[in-house]
Amino acid sequence: QVQLVESGGGLVQAGGSLRLSCAASGLTFSGYAMAWFRQAPGKEREFVASINRSGVTTYYADSVKGRFTISRDNAKNTVYLQMNSLKPEDTAVYYCAADRTFRIVQLTTLEWNYWGQGTQVTVSS
């Protein structure tokens, strides 16, 4: 079965950086677009970034554009989220998602078929 396992979360001061990883198994990784979402306490899960199958095309939420970078290594079945200039409002559980789609502008959770269990990111002020 498909498994997505996130790692790399933790506690960081405002202005710092973290790199999240999501290791995929049980699927032909290069045949799936990948995305990162996040969910803060009391809020709905929101789109952060997505990347197409080949890794050439990416899309970002306005709130993270210029600070976060999504990338993937199809040889390692892994997608990454490099987060720089972190702010307290970036505090959330971060989830990776996968879907067999050629589109990457899929901003709702219903459009993504597979999900990881999430990793906590906490940014202190």
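Everything below is about the structure shown above.
Note that the coordinates shown come from a computational prediction; the quantities given were computed from them, not determined experimentally.

Procedures and definitions
- Residues numbered from 1 in each chain as written.
- Predicted model: local features only at pLDDT ≥ 70, side-chain atom pairs only at ≥ 80, totals over all residues.
- Heavy atoms only, no water.
- Helix = DSSP H or I, 4+ residues; strand = E, 2+ residues; numbered from the N terminus.
- Buried < 20%, exposed > 50% of the residue type's maximum accessible area, 1.4 Å probe, protein only.
- Lys, Arg positive; Asp, Glu negative; His and termini not counted.
- Salt bridge = Lys/Arg side-chain N within 4 Å of Asp/Glu carboxyl O.
- Polar contact = N/O pair within 3.5 Å; in protein donor to acceptor, adjacent residues only side chain to side chain.
- Contact = heavy atoms within 4.5 Å.
- Core = buried A, V, L, I, M, F, W, Y, C linked by side-chain atoms within 4.5 Å.
- Pairing = 2+ DSSP bridges.

K.L.:
Whenever I open this one, the side chain of E6 confuses me. Can you help?
P.N.:
Mapped onto the secondary structure, E6 falls in strand 1 (residues 3-7). R45 provides the closest opposite charge to the buried, unpaired E6, separated from it by 7.2 Å. A distance of 3.0 Å separates a polar atom in the side chain of E6 from the backbone nitrogen of Q117. A polar atom in the side chain of E6 sits 2.9 Å from the backbone nitrogen of G118. With residues near it in sequence (within four places) discarded, E6 still touches S21, C22, W36, Y94, Y95, C96, G116, Q117, G118 and T119.

K.L.:
Honestly, the nonpolar core in this entry has me stumped. Any pointers?
P.N.:
The tendency in soluble globular proteins is for nonpolar side chains to be buried side by side. One finds M34, W36, L81, M83 and Y94 to be the most contacted residues of the largest nonpolar core, which totals 37 residues. Secondary-structure elements contributing two or more residues to this core are strand 3 (18-25), strand 4 (33-39), strand 5 (46-51), strand 7 (68-73), strand 8 (78-83), strand 9 (92-99) and strand 11 (119-124).

K.L.:
Quick question: what am I supposed to make of the environment of S7 here?
P.N.:
Along the polypeptide, S7 turns up in strand 1. A relative accessible area of 37% places S7 in the partly exposed class. The residues contacting S7, other than those within four sequence positions of it, are R19, L20, S21 and T119.

K.L.:
It is not clear to me how the pairing of strand 8 should be interpreted in this structure. Could you clarify?
P.N.:
Within a regular beta strand, the side chains point alternately toward one face of the sheet and then the other, so they alternate between its two faces. Taken across its 6 residues, strand 8 has 5 buried, putting it largely inside the fold. Bridging between strand 7 and strand 8 involves 6 bridges; their strand directions are antiparallel. Counted as the bridge partner of S71 is Y80 from strand 8. In textbook terms, the turn of a hairpin is the stretch between consecutive antiparallel strands, and for strand 7 and strand 8 this stretch comprises 4 residues, one of which, N77, has a positive phi near 55 degrees.

K.L.:
What exactly am I supposed to notice about the pairing of strand 1 here?
P.N.:
Here strand 1 shows one buried face, formed by L4 and E6, and one open face, formed by Q3, V5 and S7. Looking at chain direction, strand 1 and strand 3 are connected through 5 bridges and run antiparallel. Each bridged residue has a counterpart across the sheet, and for L4 the counterpart in strand 3 is A24.

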